[in-house]
Amino acid sequence: MTDTNKIGKYELTALIVGATIGSGIFGVNSDLANAAAPGPAILGWLIVGLGVWCLIAALNHLLLRYPKQDAGIFAYAGLSFGPLGEFISGWAYWLASWLGNLAFATIAMSALGTFWPLFQGGQNLPSILLAMLLTIGFTVIVSYGVEATALLNLIGTLAKLVPLLIFTIVAALAFHWSTFVNNFWGSAAQSSRPILAVADQVKNSIMVMMWLFMGVESASVMAHRAKRQRDAVMASFGGWLILLVVYLLISLLPYGVMTRAQLAGAAQPAMGTILSRLVGPWGAALISLGLLISVLVAWLSWTMLPAEAFLMMTKDQVLPRSFGRLNSHHAPTTALWATAIVQCLFLCSLLFTTYAYRFAYTLGTAAGLIVYFFVGLAQIKDGWQQRAYGQLAIGILLTIFELLSMALAGWRQVMILSLSLLPGFLIYWQARRTRKLRLAKNEWLAMGLISILAVISLVLILNGTIPIE
């Protein structure tokens, strides 16, 4: 692939912003108000902002430390824990990617319902059929090459930032400091144990915020297609800064426009409810249109990323060779269509799931946290071996942050994810066998323990202990 056909830092930055700003930002005001008052929300953003900065810093450090290792975010698990570690990390990333697409499909169809009642609710048969057509359409677009997709993503990202900018300006003009500071610490003001009350609100807000940052690692995943690896580094930090500023403004300004109770009770998309209150009905229509554009752009990005995951895992011999097959446009055809088929099959399940959007994004977030956790462990190991204690500290902070986030995500999601690894282990075994590579004893032991966990998970699902809503 020639240098002129590769992706520059601006396209990579747009990829990060496009893949990360999806549906969550348009409903964050209501979700966050339900979780926390302004003070605890600010503390939550500081914690999550630092945690995500540690993730970006670790990824960039590992990228520059291993410049010839182009398998991205999953390879670091392989360097530290062997081929099975890379497979589990890559498989979790693949799951997080297309599960996020299910969430996008649901919310996109709901947004269309604002204009065409046929799609109202986002989970009826017309919605599912259209979502399948979009899945196939995005797959066709990406199959013409990720460079062309990156250009479309850049244009779409700029388009979806326009309604967010309008919302920010209107909210800033309507902002009242007295409303913002009223009951600034929430229930802590009436609690006999205010520190614990604040901590509880911060805890509740972190999972809302983590979903908003899913996709921030995109530049690392696509680093092998960058013109220069330092372009990926610059894009990562630039994307992180843009996202943090946008999220802070979008989520905190409304606390000075409406009371926390009003924000918590706002109909989704909450941003549309707030803007329509300030400027009239056209505000809700503008936000619904922005939501639709935002979701479609993110959906396009997340069509590219899981296929790239399979391509890179194939290069590192943890998936069968067929998953790495490229077409004339250098797009991983088999990986793209395999992912599209799985997504279409699971889209059918949305007809029977009451809270499809919430289920998809919480499960996808939990899968992403597993990937980030492996990055933290790899950073710790590399920092210790190099006696680079600053890098070691970043790894420790990242690992602690991801463990806490997984605890907040809930044990049910982790248990459900263990089920998804069972077919994955068969594919991994086939990949190693066809290359005449034997599985080590510790790999058999790890797969056995996870398989036992999966069987327990299945029993808990069947008896209703773990509900599939």
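Residues numbered from 1 in each chain as written. Predicted model: local features only at pLDDT ≥ 70, side-chain atom pairs only at ≥ 80, totals over all residues. Heavy atoms only, no water.

If you check an unreviewed UniProt entry, the chain appears there as Basic amino acid/polyamine antiporter from Limosilactobacillus allomucosae. Database annotation for the chain, UniProt heading Subcellular location (unreviewed entry): "Cell membrane". (UniProt positions renumbered as here; feature names shortened; annotations may be inferred.)

Per the counting criterion, the structure on display carries 21 aromatic pairs. Between Phe175 and Phe180, the ring centres sit 5.4 Å apart and the planes meet at 50°, which makes this aromatic pair tilted. One aromatic cluster is present, built from ring pairs that chain together Phe87, Trp91, Trp94, Trp98, Phe310, Phe323, Phe346, Phe425 and Tyr428. (Phe/Tyr/Trp six-rings, centres within 6.5 Å; stacked < 30°, edge-to-face > 60°.)

On the surface, Phe115, Trp116, Leu118 and Leu289 cluster together to form a nonpolar patch covering roughly 420 Å² of accessible area. Accessibility expressed as a relative area gives 53% for Leu118, which makes it exposed. (Patch = residues over 30% accessible without salt bridge, like charges linked within 9 Å, V, L, I, M, F, W, Y side chains within 5 Å. Areas by Shrake-Rupley, 256 points an atom, 1.4 Å probe, with all protein chains shown as cover. Salt bridge = Lys/Arg side-chain N within 4 Å of Asp/Glu carboxyl O. Buried < 20%, exposed > 50% of the residue type's maximum accessible area, 1.4 Å probe, protein only.)

On to the pattern of salt bridges. Enumeration according to the criterion identifies two salt bridges in this entry. Linking Arg65 and Asp382 is a salt bridge whose minimum nitrogen-to-oxygen distance equals 3.0 Å. Linking Arg65 in helix H3 (residues 38–65) with Asp382 in helix H15 (residues 356–385), this pair joins segments that are 317 residues apart in sequence. A residue is classified by how much of its surface remains accessible, and Arg65, at 31% relative accessible area, is partly exposed. We note a salt bridge from Asp200 to Lys203, for which the minimum N-O separation is 3.3 Å. A residue pair is termed a helical-turn pair when its members lie 3 or 4 positions apart in one helix, as Asp200 and Lys203 do in helix H8 (residues 194–212) at three residues. By relative accessible area, which is 36% here, Asp200 ends up partly exposed. (Helix = DSSP H or I, 4+ residues; strand = E, 2+ residues; numbered from the N terminus.)

In this section: the nonpolar core. Judged by nonpolar contacts, the single largest core of 138 residues is most densely connected at Ile25, Trp45, Phe87, Phe213 and Tyr247. In contact with Phe87, not counting residues within four places along its chain, are Met313, Val318, Leu319, Gly424, Phe425 and Tyr428. (Core = buried A, V, L, I, M, F, W, Y, C linked by side-chain atoms within 4.5 Å. Contact = heavy atoms within 4.5 Å.)

At a minimum axis distance of 8 Å, the contact between helix H17 (residues 411–434) and helix H18 (residues 441–462) shows a crossing angle of 130°. Between H17 and H18, the angle falls in the class oblique. Our pair here, H17 against H18, has a crossing hand that is left-handed. Listed contacts from H18 to Trp411, Met415, Ile416, Ser418, Leu419, Leu421, Leu422, Phe425, Tyr428 and Trp429 of H17 are Glu443, Trp444, Met447, Ile450, Ser451, Leu453, Ala454, Ile456, Ser457, Leu458, Leu460 and Ile461. The class makeup of the residues in the contact of H17 with H18 is 18 nonpolar, three polar and one charged. (Axes fitted to C-alpha atoms, helices over the stretch in contact; angles between N-to-C directions. Parallel < 35°, antiparallel > 145°, perpendicular 65-115°, else oblique. Left-handed = near helix turned anticlockwise from the far one by under 90°. Nonpolar A, V, L, I, M, F, W, Y, C, P; charged D, E, K, R; others polar.)

Checked against the element boundaries, Ile427 lands in helix H17. Here Ile427 falls in the partly exposed class, since its relative accessible area comes to 24%. Residues Ile427 and Val318 lie 109 residues apart in sequence; the distance between their C-alpha atoms is 8.5 Å.

Attention now goes to the side chain of Arg432. Here Arg432 lies in helix H17. Here Arg432 is buried and forms no salt bridge, its nearest opposite-charge partner Glu443 lying at an N-O distance of 5.3 Å. A distance of 3.0 Å separates a polar atom in the side chain of Arg432 from the backbone oxygen of Gln317. Once residues lying within four places of it in the same chain are set aside, the contact partners of Arg432 are Pro83, Asp316, Gln317, Val318, Leu437 and Leu439. (Lys, Arg positive; Asp, Glu negative; His and termini not counted. Polar contact = N/O pair within 3.5 Å; in protein donor to acceptor, adjacent residues only side chain to side chain.)

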